[in-house]
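# Structural description and commentary
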Amino acid sequence: MKKIFFCLLLLFPLCIFSQNSIRGKITDEKTGEALVGATVFIPDLHTGASTDTSGRFIIHNVPGGSFLAEIHMTGYTAKAIVLSSNDSANYIVITLSQKPTEMRAVVITSPSGSTDRQTNPVPTVIAGRDHLLAGSSTNLVAGISNIPGISQVSTGSAVSKPVIRGLGYNRVVVLRDGIRQEGQQWGDEHGIEIDEFEVDRIEIIKGPGSIMYGSDAMAGVINFMTPKPVDDGKWSGEFMTNYQTNANLAGLSFSEAGNFHGVSWMTRYSQKKAGNFSTPVDGHVLNSGFDEYDASGFLGLNRKWGYSRISFSTFNQRIGMPEGDRDSLGIFTKEIRVDDSTTTLVSVPESARKGFDNSILTPFQRINHNRVVWDNAFYFAHSKLTLTGGWQQNRRREFGDVFSPDEAGLHFLLTTANLDVKYFFPAVRQWSITSGASGQFQQSSNLGTEFLIPAYSQYDAGAFVFASRHFGKLFFSGGARADMRLLNASALYLDANGNAVDATNSVMTKFDAFSKNFYAFSGSLGLSYHISGKSVLRVNLSKGFRAPNLAELGANGVHEGTFRYEKGNHALNPENSYQLDAGFSCDADHVSFELDGFYNRITQYIFLQKVNSVSGGDSIIDPADPVPLFTFVQGNAALYGG
């Protein structure tokens, strides 16, 4: 942290340089009247402004160059427009046309910077905060699961995993403000560690996003984006709360944000608490409650040379794990300790399951996710360099022993460090070219008394080039990427009591040490054609890949949250995806229409397969814990739909 603050201090002397500005006015297209409260936001700079009582706006601290901006006004058609700061005397008048249908975002992120969504050939969906607030979801992923092509795998009101066109888990890359969110996403009961109150907008890429993010983006990418900085010279505060009757879920969040002379900040605190949820068949499901406490914020600096921003977040959650045990009358039971060696099952009637007292029992999970990201952009005469570094730590503990309720059985500690560099070349014959490189290091440790996957270290590295150009009504974009992954898993030896020991004192080998190297190429080629000003035809061909994760390669143990014994397979190879997308969209004044179709061919698809015994029943590893054995295998698969 000392190094970070020292580097920031070196940047502050640049504040004394004169700054460029973008000035303009926004009016009604028909009447010419000034529009008060319209917003102008430049995503590539994390800055913007709102119009005053005269419809005028001014954006300070802008580097020299041209930038794609998003113009919004309630009741008007959102517009994407290029603004220039090269001429300080330049004054632009922007007109908006009235539109009674809902306001939609029109600018999205891409490998070449911000892009007009209507032009981008890659199928992308945008959902705003209003979409999340309009539903009754109990978590962030559930809030977007009703978007066409998006669904969820849920193991309770607190845990949902995103699924894009039938693919989920490590096949979907989750981002927070464009930076990968790395947790234990390989597990069924492992959710997304992001505060739902801090999300302002969600971008969903349907189809392989490997060209930008490498392995794991085979099914698509979901980018959860936090609120924009407030206008320069302003301070704001926000308080939000919600309540849901099903599980008595109550949540609240408050934030404050400011921006003075290009120095912007935001802080937020949120918390949620829920009791047992209920179903028509079971009533209130025992041990299905959760509580959550989160904090986040950022400190940013906008100047003529670009911007620099440090952001942080901490996510803390405790989740009950319902097991579904019942007595002879069908009433839920819980296990309680009788003495130092015995337990018994006690029935819990419906009346006792309604409150919070029995909403989080043993077994339960504790999840803590901390994250710090430093994001920078440096603008030159006709080019740009972005540099992003990140650190995050995910701690996941499962408590399941009533004799030692405070001692974690499974205890994973995953530390991740990221570094991404992108260079945006000067335009050559109207071609926009971007190249970049990324690296990621992960280290996972087992700190509990039970062991499901081996401890490991993992190194990822990749490089890409991306190009785009307009040919009249036709827009072309495409690129290629090369990636490598080096994975080293550690051996683990156990004594007769199941405790970790060195090899000389062991009676069994829980995990063998192994190393795997994976290499892959991915790419994308897309075209979009503007049939008219409001109708666009798109087609995109892409190749993605996914390297096997550590659980698929080396798991060897009972996964309590899914009630199965999982056995990894060292011989697994990377999955490869070949996908064709085609779509048509029309955005008229009173209706928006979009139709997409896709075909996805996956080679060496990895999936869990149940292992049968010689008699045809379940194969059981440990008679004392009779859960069925599953192992990971591969085969080809095809997915298609629209």
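It should be noted that the structure appears before, not after, this text.
Residues numbered from 1 in each chain as written. Predicted model: local features only at pLDDT ≥ 70, side-chain atom pairs only at ≥ 80, totals over all residues. Heavy atoms only, no water.

## Brief notes about the sheet that holds strand β2 (residues 39-42)
Spelled out, the test is: Pairing between two strands requires that DSSP report at least two bridges joining them. The numbering of helices and of strands both runs from the N terminus, where a helix is a DSSP run of H or I of at least 4 residues and a strand a run of E of at least 2. Axis geometry follows a simple rule: fit a line to the C-alpha atoms, using only the stretch in contact for helices, then measure angles between N-to-C directions, giving values from 0 to 180 degrees.
With respect to topology, 4 strands assemble into an open sheet ordered β3-β2-β5-β6, the strand pairing being antiparallel. Lying at the two open borders of the sheet, with one neighbouring strand each, are β3 (47-50) and β6 (79-84). Sheet twist, expressed as the average angle between the axes of neighbouring strands with direction ignored, equals 25 degrees. Sheet analysis places β2 next to β3, joined by 4 bridges and oriented antiparallel. Looking across to β3, one finds that valine 40 is bridged to alanine 49.

## Some details on a negative patch on the surface
Basically, it comes down to this: Patch definition: residues with relative accessible area over 30% and no salt bridge; like charges joined within 9 Å; nonpolar side chains (Val, Leu, Ile, Met, Phe, Trp, Tyr) joined within 5 Å. Working definition of accessibility: Shrake-Rupley area with a 1.4 Å probe, residue cover restricted to the visible protein chains. For this analysis, a salt bridge means a side-chain nitrogen from Lys or Arg found within 4 Å of a carboxyl oxygen belonging to Asp or Glu. Lys and Arg are tallied as positive, Asp and Glu as negative. Neither His nor the chain termini are counted. A single reference atom marks each charge: NZ on Lys, CZ on Arg, CG on Asp, CD on Glu. Using a 1.4 Å probe on the protein chains alone, a residue whose accessible area is under 20% of its type maximum counts as buried, one over 50% counts as exposed, and one in between counts as partly exposed.
The grouping of Glu323, Asp325, Glu335, Asp401, Glu407 and Glu450 at the surface amounts to a negative patch. In this structure, glutamate 450 sits in the loop between β30 (432-446) and β31 (456-471). Assessed through its relative accessible area of 36%, glutamate 450 is described here as partly exposed.

## Side note on the sheet that holds strand β4 (residues 56-62)
Strand order in this open sheet of 3 strands is β4-β1-β7, and the pairing throughout is mixed. A single partner strand is all that each edge strand has here, and the edge strands are β4 and β7 (91-96). Between one strand axis and the next, the sheet turns through 25 degrees on average, direction left out of account. Where strand β1 (residues 20-28) and β7 come together, 6 bridges link them in parallel fashion. Pairing of lysine 25 across the sheet is with valine 93, part of β7.

## Considerations on the nonpolar core
Here is the rule: Residue types Ala, Val, Leu, Ile, Met, Phe, Trp, Tyr and Cys, when buried and joined through side-chain atoms within 4.5 Å, form a set referred to as a nonpolar core. We call two residues contacting when some pair of their heavy atoms lies within 4.5 Å.
Ile144, Ile202, Ile204, Ile222 and Phe224 are the most contacted members of the largest nonpolar core, which has 26 residues in total. For this core, the element with the highest residue contribution is strand β41 (residues 592-610), accounting for 3 residues. If we skip the residues at most four places from it in the chain, phenylalanine 224 touches Leu140, Ile144, Val174, Leu175, Arg176, Asp177, Ile192, Ile194, Val199, Arg201 and Ile202. Listed in part, the 23 residues of the second largest apolar core include Ala38, Val40, Ala49 and Tyr379.

## Notes on empty space enclosed by the protein
To keep things clear, this is the line we draw: With a 1 Å grid laid over protein atoms only, a set of points is called a cavity when a 1.4 Å probe fits there but cannot get out and a pocket when it is open yet has protein on both sides within 12 Å along at least five of seven lines; lining residues have an atom within 4 Å of a point. Grid points are joined across faces, edges and corners, and a volume is the space filled by probe spheres set on the points. Under the convention adopted here, Pro, Cys and the residues Ala, Val, Leu, Ile, Met, Phe, Trp and Tyr are nonpolar, Asp, Glu, Lys and Arg are charged, and Gly plus all remaining residues are polar.
Summed over all chains, the structure comprises 9 cavities of 30 Å³ or more. Here the largest cavity is characterised by a volume of approximately 170 Å³. If you go around the largest cavity, you meet 17 residues; those closest to its centre are Asn170, Glu182, Gln442, Tyr456 and Asn549. When residues of the lining of the largest cavity are traced back to their parent elements, those giving at least two are β30, β31 and α5 (550-554). Partitioning the lining of the largest cavity into residue classes produces 6 nonpolar, 7 polar and 4 charged.

## Re the pairing of strand β42 (residues 629-641)
Of the pairings in the sheet, the one linking strand β39 (residues 564-567) to β42 comprises 3 bridges and is parallel in character. When the sheet's bridge partners are listed, tyrosine 565 is paired in β42 with leucine 629. In terms of strand pairing, β41 meets β42 through 11 bridges, oriented antiparallel. Across the sheet, the residue bridging to arginine 601 is alanine 638, located in β42.

## Quick look at unusual backbone geometry
Threonine 362 connects to proline 363 through a cis peptide bond whose omega is 10 degrees. Note on placement: proline 363 falls in the loop between α4 (350-353) and β27 (364-379). A positive phi angle, near 90 degrees, is found at aspartate 216, a position not held by glycine. Looking at the element boundaries, aspartate 216 is found in the loop between α3 (210-213) and β17 (220-225). Positive phi outside glycine occurs at glutamine 604, with the angle close to 60 degrees. Within the element layout of this structure, glutamine 604 appears in strand β41. For glutamine 604, a relative accessible area of 27% corresponds to the partly exposed category.

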